[in-house]
Amino acid sequence: MRHVLLEALVPGEKAESVFHSVRRWERYPELAPHVQSTTVHATHPEPDCSSSWELHFRSGLLRWTERDEFLVDSLEIRFEQTEGDFDTFRGVWTLTQRGEDVSVRFEADFDFGIPSLEGILDPIAERVVKETIAWAVARMHPGTQIFGEVAGPDSSRTEVTAPA
């Protein structure tokens, strides 16, 4: 099982506003170059939400459909693959108001279920997922700080230490 963590700080926004922007999966193909397509089958405020994703991965596409749960009161988005290329893929977005800024935390766990290839596939998939989230959040909210090392929209690699 591989763990993906991406943290960002969106300046001068309200957490609920950022929550409603990041949940707009249909925008991700225009925001992040790894995203070939997204199909939103149902979204908030519907009770049973789901979406399908296609990301450029190696020389092909990584595909999955996920169940999405939008918890507006706690500013969380939970997701879990229902079918697709992963053996397991699930995670959570957590948004928190930090004064005048918003902390965005994306965590996911995945496993392709192919132990002999995990050393090759897992690091690539982790990078693609992290970069997709970084690009999308940064393009939705200019001025966003991404913490950790990840290639962002300006094509540079950024390494920032999270504030204490």
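Let me begin by describing the structure that accompanies this report. In this text the structure is predicted, and so the values were computed from the model without any measurement.

Take the pattern of salt bridges next. Scanning the model with the defined rule gives 10 salt bridges in all. Ionic pairing is found between Glu30 and Arg27, a salt bridge with its closest N-O pair at 3.5 Å. Owing to a relative accessible area of 22%, Arg27 belongs among the partly exposed residues under this scheme. Two residues, Glu54 and Arg63, come together in a salt bridge whose shortest N-O distance is 2.8 Å. By relative accessible area, Arg63 is classed as partly exposed at 41%.

The next thing to look at is the nonpolar core. Within the largest apolar cluster, 45 residues are counted, with the highest numbers of intra-cluster contacts made by Val22, Tyr28, Trp93, Leu95, Val104, Phe106 and Phe112. Top contributing element to this core by residue count: helix α3 (residues 118-140), with 10 residues.

So, on to the side chain of Ser51. Its location among the elements puts Ser51 in strand β3 (residues 49-57). Engagement of the side chain of Ser51 in a polar contact is seen with the side chain of Asp68, the distance being 2.8 Å. Once residues within four sequence positions are removed from consideration, Ser51 is found in contact with Trp25, Thr39, Val40, His41, Trp64, Thr65, Glu66 and Asp68.

Right, let's get into the packing of aromatic side chains. Scanning all chains against the criterion turns up 16 aromatic pairs. Geometrically, the ring pair formed by Trp64 and Phe89 is edge-to-face, given 5.1 Å between the ring centres and 75° between the ring planes. Residue Trp64 is found in strand β4 (residues 60-71), and its partner Phe89 is found in strand β6 (residues 88-98); the two are separated by 25 residues along the sequence. Exposure class is identical for Trp64 and Phe89. Each is buried. Both rings, one in Phe86 and one in Phe110, keep their centres 5.5 Å apart while their planes meet at 55°; by these two values the pair is tilted.

So, on to helix α1 (residues 15-22). Residues of α1 that are buried: Ala15, Val18, Phe19, Ser21 and Val22. Projected down its long axis, α1 shows its buried positions confined to an angular sector of 170°, all on one face.

Most of β3 sits inside the fold, with 7 of its 9 residues counted as buried. Here 6 bridges tie strand β2 (residues 35-42) to β3, and the two strands are oriented antiparallel to one another. Its bridge partner lying in β3, Ser37 is registered against Glu54. Hairpin connection of β2 to β3: 6 residues between the antiparallel strands. Looking at chain direction, β3 and β4 are connected through 9 bridges and run antiparallel. Note that in β4 the partner of Phe57 across the bridge is Gly60.

A separate point is the environment of Glu46. Relative to the assigned elements, Glu46 resides in the loop between β2 and β3. Through-space distance from the C-alpha of Glu46 to that of Phe70 is 9.3 Å; in sequence the pair is 24 residues apart.

Another point: a nonpolar patch on the surface. A cluster of nonpolar side chains, namely Ile114, Leu117 and Ile120, defines an oily patch on the protein surface of about 230 Å² accessible area. Here Ile120 is to be found in helix α3. Looking at Ile120, the relative accessible area reads 46%, which means it is partly exposed.

About the criteria used
Residues numbered from 1 in each chain as written. Predicted model: local features only at pLDDT ≥ 70, side-chain atom pairs only at ≥ 80, totals over all residues. Heavy atoms only, no water. Salt bridge = Lys/Arg side-chain N within 4 Å of Asp/Glu carboxyl O. Buried < 20%, exposed > 50% of the residue type's maximum accessible area, 1.4 Å probe, protein only. Core = buried A, V, L, I, M, F, W, Y, C linked by side-chain atoms within 4.5 Å. Helix = DSSP H or I, 4+ residues; strand = E, 2+ residues; numbered from the N terminus. Polar contact = N/O pair within 3.5 Å; in protein donor to acceptor, adjacent residues only side chain to side chain. Contact = heavy atoms within 4.5 Å. Phe/Tyr/Trp six-rings, centres within 6.5 Å; stacked < 30°, edge-to-face > 60°. Arc of directions from axis to C-beta. Pairing = 2+ DSSP bridges. Patch = residues over 30% accessible without salt bridge, like charges linked within 9 Å, V, L, I, M, F, W, Y side chains within 5 Å. Areas by Shrake-Rupley, 256 points an atom, 1.4 Å probe, with all protein chains shown as cover.

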